[in-house]
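Remarks on the overall topology
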Amino acid sequence: MKRILLAVLAAVASLAMLSGAVMAHHGVAGYDLTKTITLHGTVAKFDWSNPHVVLYMDAKNESGEMQHWTIEFAAPVHMVRAGWSKSAMKAGDDITIDTHPSRNGAPVGISSTITFILKTVVNGQALPSRTE
Amino acid sequence: MRIRMAILMIALPPALAFSSFLTAQSVPAPTGAKAQQPGLMSGGIPDLNGIWNPDFRGPEGVRVNTWDPSDPFATHPEKAPMTPWAAEKFKGVRPPFGALQTFDNTNDPVQRYCDPPGVPRIYMYPWELTFLQTPKIVYILYEYTKVWRAIYMDRDHPKDPENSWMGDSTGKYEGDTFIIDTIGFNDKTWLDQTGHPHSDALHVIERFRRVDRDKLELSVTIDDPKAYTKTFSATKVYKLTTEPMGETLCAYSEMKEFQENVVDRTQTPPSK
């Protein structure tokens, strides 16, 4: 009985967190939030605009093939409040970033919503991150 | 519209100055002076002036996807107390939020067309708001999409108000609570992120209460007999902040680009 209760509480808690996460612009059902991968590559473009900041980067996959990744972040206003700025990175920068990948296998990920920012290192410098 | 903007331009500077004055008034009074009750302006009026940030992390904060108290996490949005008219309308929504969320050709009017979010959906977003209290009009400025509302303190609703995105609002103070009564909506907006519809008979009552110096509580009551079989209410909490409001506009070109470059590509079947 206690296990069932704990399971229910865990489910409610995760639902609550998900609910918080989806409130920004759209839901996050397209991403697998239980999975985190690390990408290492080069910034192609850092698009600091509404509704969400977007990073385009090139990174090699496990087979050594170059992939063009698209990484979503929170809205610019929320990234500013978390200590980021439009000059956090630029094309050509070396980047290592954690991201929750899309469920469908497309090279698209989400590294920040209003409630979290995953680990991001640009040219050896860690940018502000936070957990839920 | 020009007249309203002119009023705003004229009203804002003194209102801001008034706000600074009020902030100064919140400094503890010297010994012997008449103590002012925290959170109240002279005359006993609740002091709501300032910038407020939604507390989406607290227990009330997660109640973001619906105003239906029986379904705070929007796990069963289809079970809201809808009339047959509203239930039929709800069948056609394709929301990007909640348990029924989909990105396949979503018809969320905000996300798809950058329509104004309307009231009360404006409170579903995690962005700040600013109160500016003047004797005759209280302004609420919303960071999300930079919309603002004028709450008229010195008149009733027009007998036959125009149908508008943000409605016609009148306000009054009752003790420590600021009550806003709004009617005169169109029926183009959603009540919440999950696509609950409303009719042009929507009547929204907002109750703002400054619980303490840093905490503002908002209770929203939905009254729409054409769309719902009963009234219902939910509460949100805001925290006082010094972070100035930024630019969170819904620019259609940016929204479309984001939809195509990011959101659409996470959908099944996968695209490039």
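For the structure itself, look to the data block above.
Note that the coordinates shown come from a computational prediction; the quantities given were computed from them, not determined experimentally.

Section: the overall build of chain B
A tally of regular secondary structure across chain B gives four helices and nine strands. Scanning chain B from its N terminus toward the C terminus, one meets helices and strands in the order α-β-α-α-β-β-β-β-β-β-β-β-α. Taking the intrachain contacts of chain B between residues at least 6 apart in sequence as the baseline, contacts between residues at least 24 apart amount to 55%.

A closer look at the packing of aromatic side chains
Residue and element names in this part refer to chain B. Counted according to the given criterion, the structure contains 13 aromatic pairs over all chains. Ring centres 5.6 Å apart and planes at 70 degrees place the aromatic pair Tyr123 and Tyr142 in the edge-to-face group. Note that Tyr123 is positioned in the loop between helix H3 (109-113) and strand E2 (129-133) and Tyr142 in strand E3 (residues 137-142), a separation of 19 residues in sequence. Using a relative accessible area of 4% as the deciding quantity, one classes Tyr142 as buried. Where Tyr228 meets Phe232, the ring centres are 5.2 Å apart and the plane angle is 75 degrees; that geometry is what we call edge-to-face. Exposure remark for Tyr228: the relative accessible area of 3% places this residue in the buried category. Given the relative accessible area of 6%, Phe232 is considered buried. Taking the ring centre of Tyr152 as reference, the NZ or CZ of Arg155 above it sits at 4.1 Å.

Notes on helix H4 (residues 252-263) of chain B
Since the α-helix packs 3.6 residues into each turn, any two residues three or four apart lie on the same face. Those residues of H4(B) lying buried are B:Met255, B:Phe258, B:Gln259, B:Val262 and B:Val263. Down the axis of H4(B), the buried set is contained in an arc of 110 degrees. They therefore lie on one face. Buried-residue contacts for H4(B) involve strand E2 (54-60), strand E3 (66-72) and strand E5 (108-110) of chain A together with H3 of chain B.

Here's the deal with the state of the cysteines
Residue and element names in this part refer to chain B. Applying the stated criterion across every chain, the model contains one disulfide over all chains. Between the sulfur atoms of Cys114 and its disulfide partner Cys250 the distance amounts to 2.1 Å. In this structure the cystine formed by Cys114 and Cys250 twists about its S-S bond by roughly -75 degrees; its chirality is therefore left-handed. Taken as a pair, Cys114 in the loop between H3 and E2 and Cys250 in the loop between strand E9 (232-241) and H4 lie far apart in primary sequence, 136 residues in all. By relative accessible area, Cys114 is classed as buried at 17%.

Considerations on the pairing of strand E1 (residues 37-47) of chain A
Residues and elements named next belong to chain A. Two elements, E1 and strand E4 (residues 94-101), share six bridges in a ladder whose sense is antiparallel. Opposite Gly41, over in E4, you have Ile95 as the bridge partner. With six bridges connecting them, E1 and E2 associate as antiparallel partners. Across the sheet, residue Asp47 finds its bridge partner in E2, namely Val54. From the end of E1 to the start of E2, which pair antiparallel, there are six residues.

Focus: the sheet that holds E2(B)
Residue and element names in this part refer to chain B. The strand order around the closed barrel built from nine strands is E1-E2-E3-E4-E5-E6-E7-E8-E9, with neighbouring strands paired in mixed fashion. For this sheet, the mean angle separating the axes of adjacent strands, direction not counted, is 30 degrees. Relative to strand E6 (residues 177-183), strand E5 (residues 168-174) runs antiparallel, the two being bridged by seven bridges. Bridge pairing links Ser169 to Thr182 in E6.

Describing unusual backbone geometry
With glycine set apart, most residues show a phi of negative sign, and most peptide bonds adopt trans. Here the residue pair A:Asn50 and A:Pro51 is connected by a cis peptide bond, since its omega of 0 degrees sits within 30 degrees of zero. The residue after B:Val119, namely B:Pro120, is reached through a cis peptide bond having omega 15 degrees. Inspection of the secondary structure puts B:Pro120 in the loop between H3 and E2. Positioned with a positive phi, B:Thr145 is a non-glycine residue whose angle comes to about 65 degrees. Here B:Thr145 lies in the loop between E3 and strand E4 (148-152). Judged by its relative accessible area of 15%, B:Thr145 is buried.

Comments concerning the nonpolar core
Residues B:Trp67, B:Tyr123, B:Leu129, B:Phe131, B:Ile140, B:Phe178 and B:Phe208 are the most contacted members of the largest nonpolar core, which totals 44 residues. Looking at this core, the elements with two or more residues in it are helix H2 (84-91), E2, E3, E6, strand E7 (203-212), strand E8 (215-223) and E9 of chain B. If one sorts the elements of this core by residue count, E8(B) sits on top with four residues. Other than its neighbours up to four places away in sequence, B:Phe208 contacts B:Leu48, B:Tyr123, B:Phe131, B:Ile140, B:Asp176, B:Thr177, B:Phe178, B:Ile180, B:Leu216, B:Glu217 and B:Leu218. In terms of nonpolar packing, the next biggest core, distinct from the first, is built from 21 residues, A:Val53, A:Ala59, A:Met79 and A:Val122 among them.

Focus on the side chain of A:Asn50
By secondary structure assignment, the location of A:Asn50 is in the loop between E1 and E2. In this structure A:Asn50 comes out as buried when scored by relative accessible area, which is 8%. Reaching out from A:Asn50, the side chain makes a polar contact with the backbone oxygen of B:Glu247 at a distance of 3.2 Å. Apart from residues lying up to four places away in sequence, A:Asn50 is in contact with A:Ala75, A:Pro76, B:Glu247, B:Thr248, B:Leu249 and B:Glu254.

Cut-off values and rules
Residues numbered from 1 in each chain as written. Chains lettered and ligands numbered in written order. Predicted model: local features only at pLDDT ≥ 70, side-chain atom pairs only at ≥ 80, totals over all residues. Heavy atoms only, no water. Helix = DSSP H or I, 4+ residues; strand = E, 2+ residues; numbered from the N terminus. Contact = heavy atoms within 4.5 Å. Phe/Tyr/Trp six-rings, centres within 6.5 Å; stacked < 30°, edge-to-face > 60°. Buried < 20%, exposed > 50% of the residue type's maximum accessible area, 1.4 Å probe, protein only. Lys NZ or Arg CZ within 6 Å of the ring centre and 35° of its normal. Arc of directions from axis to C-beta. Disulfide = S-S within 2.5 Å. Pairing = 2+ DSSP bridges. Axes fitted to C-alpha atoms, helices over the stretch in contact; angles between N-to-C directions. Core = buried A, V, L, I, M, F, W, Y, C linked by side-chain atoms within 4.5 Å. Polar contact = N/O pair within 3.5 Å; in protein donor to acceptor, adjacent residues only side chain to side chain.

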